[in-house]
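# Coordinate analysis (summary)
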Number of protein chains: 2
Amino acid sequence: MTQEEAIQAGLELVNHSQTAMLSTIGDEGYPHIRAMLKKETEGLKTFWFSTNASSSKVPQIQKNPEACVYFVDGEQCTGLMLVGEIDVLQDMASKRRLWYEGDEKYYPLGVNDPDYCVLCFRAKSGKFYRSLQNVAFDLEDEG
Amino acid sequence: MTQEEAIQAGLELVNHSQTAMLSTIGDEGYPHIRAMLKKETEGLKTFWFSTNASSSKVPQIQKNPEACVYFVDGEQCTGLMLVGEIDVLQDMASKRRLWYEGDEKYYPLGVNDPDYCVLCFRAKSGKFYRSLQNVAFDLEDEG
């Protein structure tokens, strides 16, 4: 599997996934994982999620932006690990852009809910896993 | 959901899961996630996995044992995050105990394969997620 094939297969995995795992670094330096609904994506480089501003991941990210986003398909034995930085965005343009129908379930006051915010993850490198193979690739020169 | 209910639901999720996500801390401080086959478990406190000694997670763990193990069931909207320390075990008793039929696929030389080793994760705290609820609990006083 070449790097190009790994990136292409990674893109297909992202496109077919409804959720991603996000790991941030918690207070005492321990990694914390949780599943996130996939929202907007741009290639393998940029991923936007929405979350409750009151959730524990927000102060973790504000203290340490180092993060990992992981997609997995157990049936296909494929996985995509992306490593990079994540930011908390609270500007109205980002919040409007990420607002989906039904999000009132999570943020009852709508797009202006002070408990609604956006996360933007930017990958700097990745690794694609298929069965017993894996291929690492750099993403810093990508658009 | 009480802490007892969260721990009980977490145990059920572990019992029904074939894989777990493991996050370790990589070289530059970034978290790294990958899926692992669940092998032996003891309540919510101790989890054993096997891996290739040559995999990138082994030097990461040897440098920094802080780790997170996460189980998820997308259909049930449940997740279990466990935070604690993980060790690399290379003694024969641990290697024999974790050896499963078919593991030759990963370690062609069998239980004595120098590329075969065991990981033991011990949780100190956890959080169980169901839909929009989550309950944190401590595991350090557990047996």
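Summarised in this report is the structure supplied together with it. (Residues numbered from 1 in each chain as written. Chains lettered and ligands numbered in written order. Predicted model: local features only at pLDDT ≥ 70, side-chain atom pairs only at ≥ 80, totals over all residues. Heavy atoms only, no water.)

Turning our eyes to something else, we now look at the pattern of salt bridges. Residues and elements named next belong to chain A. Using the criterion set out here, one finds 6 salt bridges over all chains in the structure. A salt bridge links Lys63 to Asp27, with the nearest nitrogen and oxygen atoms 3.8 Å apart. Taken together, the residues Lys63 in helix α2 (residues 57-63) and Asp27 in the loop between β1 (19-25) and β2 (31-37) connect sequence positions 36 residues apart. Residue Lys63 is classed as exposed on the basis of its relative accessible area, which comes to 63%. (Salt bridge = Lys/Arg side-chain N within 4 Å of Asp/Glu carboxyl O. Helix = DSSP H or I, 4+ residues; strand = E, 2+ residues; numbered from the N terminus. Buried < 20%, exposed > 50% of the residue type's maximum accessible area, 1.4 Å probe, protein only.)

Now for the packing of aromatic side chains. On inspection of all chains with the given rule, the structure shows 12 aromatic pairs over all chains. Ring plane angle 50 degrees and centroid distance 6.0 Å describe the contact between Trp99 of chain A and Tyr107 of chain A, whose orientation is recorded as tilted. Pairing Trp99 of chain B with Tyr116 of chain B gives two aromatic rings, centres 5.1 Å apart and planes at 80 degrees, and the pair type is edge-to-face. One end of the pair, Trp99 of chain B, is in the loop between α3 (92-98) and β7 (116-130); the other, Tyr116 of chain B, is in strand β7, with 17 residues separating them in the sequence. Between Lys39 of chain B and the ring centre of Tyr100 of chain B, over which it is positioned, the NZ or CZ distance is 4.5 Å. (Phe/Tyr/Trp six-rings, centres within 6.5 Å; stacked < 30°, edge-to-face > 60°. Lys NZ or Arg CZ within 6 Å of the ring centre and 35° of its normal.)

The subject of this paragraph is the relation of the copies chain B and chain A. After a rotation of 180 degrees and a shift along the axis of 0.0 Å, chain B superposes on chain A with an RMSD of 0.0 Å. In symmetry terms, the pair is related by a two-fold rotation axis. The rotation axis passes nearest to the C-alpha of Pro31 of chain B in chain B, at a distance of 3.1 Å. Taken as a fraction of all interface residues of chain B, those also at the interface in chain A reach 100%, which identifies the copy contact as same-surface. (Least-squares fit on C-alpha atoms with pLDDT ≥ 70 in both. Contact = heavy atoms within 4.5 Å.)

The grouping of Glu85, Asp87, Asp138, Glu140 and Asp141 of chain A at the surface amounts to a negative patch. Mapped onto the fold, Asp138 of chain A is located in strand β8 (residues 133-138). (Patch = residues over 30% accessible without salt bridge, like charges linked within 9 Å, V, L, I, M, F, W, Y side chains within 5 Å. Areas by Shrake-Rupley, 256 points an atom, 1.4 Å probe, with all protein chains shown as cover. Lys, Arg positive; Asp, Glu negative; His and termini not counted. Charge placed at Lys NZ, Arg CZ, Asp CG, Glu CD.)

Let us now look at the side chain of Glu66 of chain B. With respect to the element layout, Glu66 of chain B can be found in strand β5 (residues 66-73). Those residues in contact with Glu66 of chain B that lie beyond four places of it in its chain are Glu28, Gly29, Tyr30 and Pro31 of chain A together with Ser23, Thr24, Ile25, Gly84 and Glu85 of chain B.

Let's shift gears to the interface of chain B and chain A. If you look at the interface, chain B gives 29 residues, while chain A gives 29 residues. Taking both partners together, chain B and chain A bury about 2300 Å²; carbon and sulfur atoms supply 66% of that area. The largest per-residue losses of area from chain B upon contact with chain A belong to Tyr30, Pro31 and Ile33 of chain B, which jointly make up 30% of the total buried on that side. Counting across the interface, chain B meets chain A through 2 salt bridges. Where chain B touches chain A, the interface holds 9 residue pairs in polar contact (both at pLDDT 80 or more). (Buried area = accessible area lost by both parts, 1.4 Å probe. Polar contact = N/O pair within 3.5 Å; in protein donor to acceptor, adjacent residues only side chain to side chain.)

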